[in-house]
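Overview (structure and organization)
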Amino acid sequence: MAGETSAVVAEKARQTVEKPGSGWLWTATGALLIAALVVAGLLVARRRRAAEDE
Amino acid sequence: MKPHSGAWWLWALGLATAAGRTTNPLLLGLILAVAGVVVVTCRANTPWAGTYGVFLKFGLLIIGLRVVLHVFLGGIAGPTILFTLPQVPLPDWAQGIRIGGPVSAEGLVFALYQGLLLATILSCVGAANALANPKRLLRSLPAALYEVSVAVVVALTVAPQLVASARSVRRARQLRGDTARGVPAIRTMLVPVLEDALERSLVLAASMDSRGYGRTAGISRRDRTLTGTLVLAGLFGFCIGMYGLLADAYSGWPLLVIGGVLAIAGLKVGARRVPRTRYRPDRWTARALGVASSGVAGAVVLVFSADPALSPSTVPLQAPELPIMPALGVLLALAPVVLVREA
């Protein structure tokens, strides 16, 4: 905004960067989701390999 | 019945387009995981089914190269200096280029994100190669593309054929009791694998030639020019439109639409003059449409999403967050697991 001082802009930027709590929650959710998919993929691959070997 | 090979390519290209819209490592990892789950669940027992794993290894190589290039040649700078390499002094005319110097955590993370983006796009192509049958895809090519189909098919089948060749050469080595691994193994496998892949490509090209692909006799010069111009102009417009769309979400649409219309017109005109019949043609069933649209849906969600978490900040360094709508869009691409399941 035109009327804002650089200190106000810097404070807003700091607050945007340092959002407490919610950021890490979504990072952890994403990591868990990926881990769950990888484990599911590995289990399916192992089951299929076992079925093909029989 | 397996879905149309084109459906797998559309699904994979949709995922690749989605990957092209973000540098968020969580979303890119999600795309890799989704593609991996679909590949292991839906792949048929074919020689090229292991292509995804090979492309994943290529992806790791790309990430490594991108990071090494950043360390030695620099790029994004940041306040958190990890270590400083000795800098090679360069002449004045080489200003802006540096070899060696300080390496920042911010720049390193940026290079990792960029490498991961390239690796993900490459792995999506690997997923299409693992899932789609290249020979059946050839049979579904529009008639107007027959003249270039030899080149298209050789280009599309080179990766699956390389993987199949590597697999058979490795098995032959194991049967002979050769247990070498690492660089010595690569050295002994490289020539037979390349020779076998080239031989397979030549056999395929010869068999296509003997079936009349690329035939130009009996077609007037005017017809050939018209079809060629329409198809080439259409594909050119399509490529530029797609580039515009990926670079900026909206400016590419007009060229994309014009290119698409021209390409379809060219394919229609070309199809009129090449009467061919197909034995048991692949059909676009509801399942194939579901597979294709699940990948395209992910791309559409990411193309139109303006979530700032799609490009996480590296200066200052921030932990990437998972954007909800784009993540749900990517998860839609898991639909083939339900739609197509190999026993």
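Residues numbered from 1 in each chain as written. Chains lettered and ligands numbered in written order. Predicted model: local features only at pLDDT ≥ 70, side-chain atom pairs only at ≥ 80, totals over all residues. Heavy atoms only, no water.

1. With respect to the overall build of chain B
A count of helical and extended segments in chain B gives twelve helices and two strands. In sequence order, chain B lays out its α and β elements as α-α-α-β-β-α-α-α-α-α-α-α-α-α. Taken along its principal axes, the extent of the C-alpha atoms in chain B is 70 × 60 × 50 Å. When burial is assessed residue by residue, chain B has 45% of its 343 residues classed as buried. Sequence-distant contacts, at least 24 apart, represent 80% of the contacts inside chain B between residues at least 6 apart. Distance from the positive charge centre (31 side chains) to the negative charge centre (14 side chains) of chain B: 11 Å. (Helix = DSSP H or I, 4+ residues; strand = E, 2+ residues; numbered from the N terminus. Buried < 20%, exposed > 50% of the residue type's maximum accessible area, 1.4 Å probe, protein only. Contact = heavy atoms within 4.5 Å. Lys, Arg positive; Asp, Glu negative; His and termini not counted. Charge placed at Lys NZ, Arg CZ, Asp CG, Glu CD.)

2. Observations regarding the interface of chain B and chain A
Contact with chain B, which involves 23 residues of that partner, is made by 18 residues of chain A. Summed over both sides, the interface between chain B and chain A buries roughly 1700 Å², with carbon and sulfur atoms accounting for 69% of that surface. Three residues stand out in chain B for area buried against chain A, namely Val40, Glu321 and Leu322 of chain B, and they jointly supply 28% of the buried area on that side. Put simply, chain B and chain A have four residue pairs in polar contact (both at pLDDT 80 or more) between them. Broken down by secondary-structure element, the contributors of at least two residues to the side of chain B that touches chain A are helix 2 (25-42) and helix 11 (324-331) of chain B. In terms of residue count, the dominant contributor to the side of chain B that touches chain A is helix 2 of chain B (nine residues). Taken together, the residues of the side of chain B that touches chain A break down into 15 nonpolar, four polar and four charged. (Buried area = accessible area lost by both parts, 1.4 Å probe. Polar contact = N/O pair within 3.5 Å; in protein donor to acceptor, adjacent residues only side chain to side chain. Nonpolar A, V, L, I, M, F, W, Y, C, P; charged D, E, K, R; others polar.)

3. Observations regarding the packing of aromatic side chains
Residue and element names in this part refer to chain B. Across all of its chains, the model carries two aromatic pairs over all chains by this definition. Summarising the aromatic geometry, the rings of tryptophan 8 and tryptophan 11 are spaced 5.7 Å apart at their centres and angled 90° between planes, so their arrangement reads as edge-to-face. Of this pair, tryptophan 8 and tryptophan 11 both sit in helix 1 (residues 5-20), separated by three residues, roughly a single helical turn. Each member of the pair, tryptophan 8 together with tryptophan 11, is buried. When the ring of phenylalanine 55 is compared with that of phenylalanine 58, the centres are 6.4 Å apart and the planes differ by 75°; the resulting orientation is edge-to-face. (Phe/Tyr/Trp six-rings, centres within 6.5 Å; stacked < 30°, edge-to-face > 60°.)

4. Quick look at the packing of helix 2 of chain B against helix 4 (residues 105-131) of chain B
Residues and elements named next belong to chain B. Helix 4 packs onto helix 2 with a crossing angle of 15° between their chain directions and a minimal axis gap of 10 Å. When the axis of helix 2 is compared with that of helix 4, the two are roughly parallel. In the crossing of helix 2 with helix 4, the sense of the turn from one axis to the other is left-handed. Contact with helix 2, carried on its side by Pro25, Leu28, Ile31, Leu32, Ala35, Val38, Val39 and Cys42, involves Tyr113, Leu116, Leu117, Thr120, Ser123, Cys124, Ala127, Ala130 and Leu131 of helix 4 and no other residues of that element. Grouping the amino acids of the contact of helix 2 with helix 4 by side-chain chemistry returns 15 nonpolar, two polar and no charged. (Axes fitted to C-alpha atoms, helices over the stretch in contact; angles between N-to-C directions. Parallel < 35°, antiparallel > 145°, perpendicular 65-115°, else oblique. Left-handed = near helix turned anticlockwise from the far one by under 90°.)

5. Considerations on the pattern of salt bridges
All names here are of chain B. Following the criterion strictly, the structure yields one salt bridge over all chains and no others. The partner of arginine 200 in a salt bridge is aspartate 196, with the nearest N and O atoms 3.3 Å apart. Of this pair, arginine 200 and aspartate 196 both sit in helix 7 (residues 183-210), four residues apart, which is roughly one turn of that helix. Look at aspartate 196 and you get partly exposed, because its relative accessible area is 23%. (Salt bridge = Lys/Arg side-chain N within 4 Å of Asp/Glu carboxyl O.)

6. Topic: a nonpolar patch on the surface
Residue and element names in this part refer to chain B. Taken together, the side chains of Leu10, Trp253, Val257, Val261, Trp284, Leu289, Val296, Val300 and Phe304 define a hydrophobic patch exposed on the protein surface, amounting to about 790 Å² of accessible area. Those elements that provide at least two residues to the nonpolar patch are helix 9 (253-273) and helix 10 (286-304). Examining the composition of the nonpolar patch, we find that four residues originate from one element, helix 10, more than from any other. On the secondary structure map, valine 296 appears in helix 10. (Patch = residues over 30% accessible without salt bridge, like charges linked within 9 Å, V, L, I, M, F, W, Y side chains within 5 Å. Areas by Shrake-Rupley, 256 points an atom, 1.4 Å probe, with all protein chains shown as cover.)

7. Describing the nonpolar core
Counting residues in hydrophobic clusters, the biggest one holds 48 residues, and the most contacted among them are Trp8, Trp11, Leu27 and Val38 of chain B. Those elements that place two or more of their residues in this core are helix 2 (22-53) of chain A together with helix 1, helix 2, helix 3 (51-73), helix 4, helix 10 and helix 11 of chain B. Looking at which element gives the most residues to this core, the answer is helix 2 of chain B, with 13 residues. What tryptophan 11 of chain B contacts, discounting residues up to four positions off in sequence, is Ala35, Val38, Ala127, Leu131, Val291, Ala292, Ser294, Gly295, Ala333 and Pro336 of chain B. (Core = buried A, V, L, I, M, F, W, Y, C linked by side-chain atoms within 4.5 Å.)

8. What about a positive patch on the surface?
Where like charges cluster on the molecular surface, the positive patch consists of Lys57, Arg170, Arg171 and Arg181 of chain B. Looking at lysine 57 of chain B, the relative accessible area reads 62%, which means it is exposed.

9. Concerning the state of the cysteines
Residues and elements named next belong to chain B. Counted under the stated rule, the structure contains zero disulfides over all chains. Not engaged in a disulfide, the cysteine cysteine 42 finds its nearest cysteine sulfur in cysteine 124; these two sulfurs lie 15 Å apart. With relative accessibility at 5%, the residue cysteine 42 sits in the buried group. For cysteine 124, a relative accessible area of 2% corresponds to the buried category. (Disulfide = S-S within 2.5 Å.)

10. With respect to the side chain of glutamate 106 of chain B
Residue and element names in this part refer to chain B. For glutamate 106, the location among the structural elements is in helix 4. Among buried Asp, Glu, Lys and Arg side chains, glutamate 106 stands out as unpaired, with arginine 98 the closest opposite charge at 11 Å. Here threonine 80 takes part through its side chain, which lies 2.7 Å from a polar atom of the side chain of glutamate 106.

11. Remarks on helix 10 of chain B
Helical geometry note: an α-helix holds 3.6 residues per turn, so side chains three or four residues apart project in the same direction. Residue and element names in this part refer to chain B. In this model helix 10 runs 26 Å from its N-terminal to its C-terminal C-alpha over 19 residues, within 8% of the 27 Å that 1.5 Å per residue would give. Turning to helix 10, its buried residues are Ala288, Gly290, Val291, Ala292, Ser294, Gly295, Gly298, Ala299, Leu302 and Val303. On its buried face, helix 10 sits against helix 1, helix 2, helix 11 and helix 12 (335-339). (Expected span 1.5 Å × (residues − 1).)

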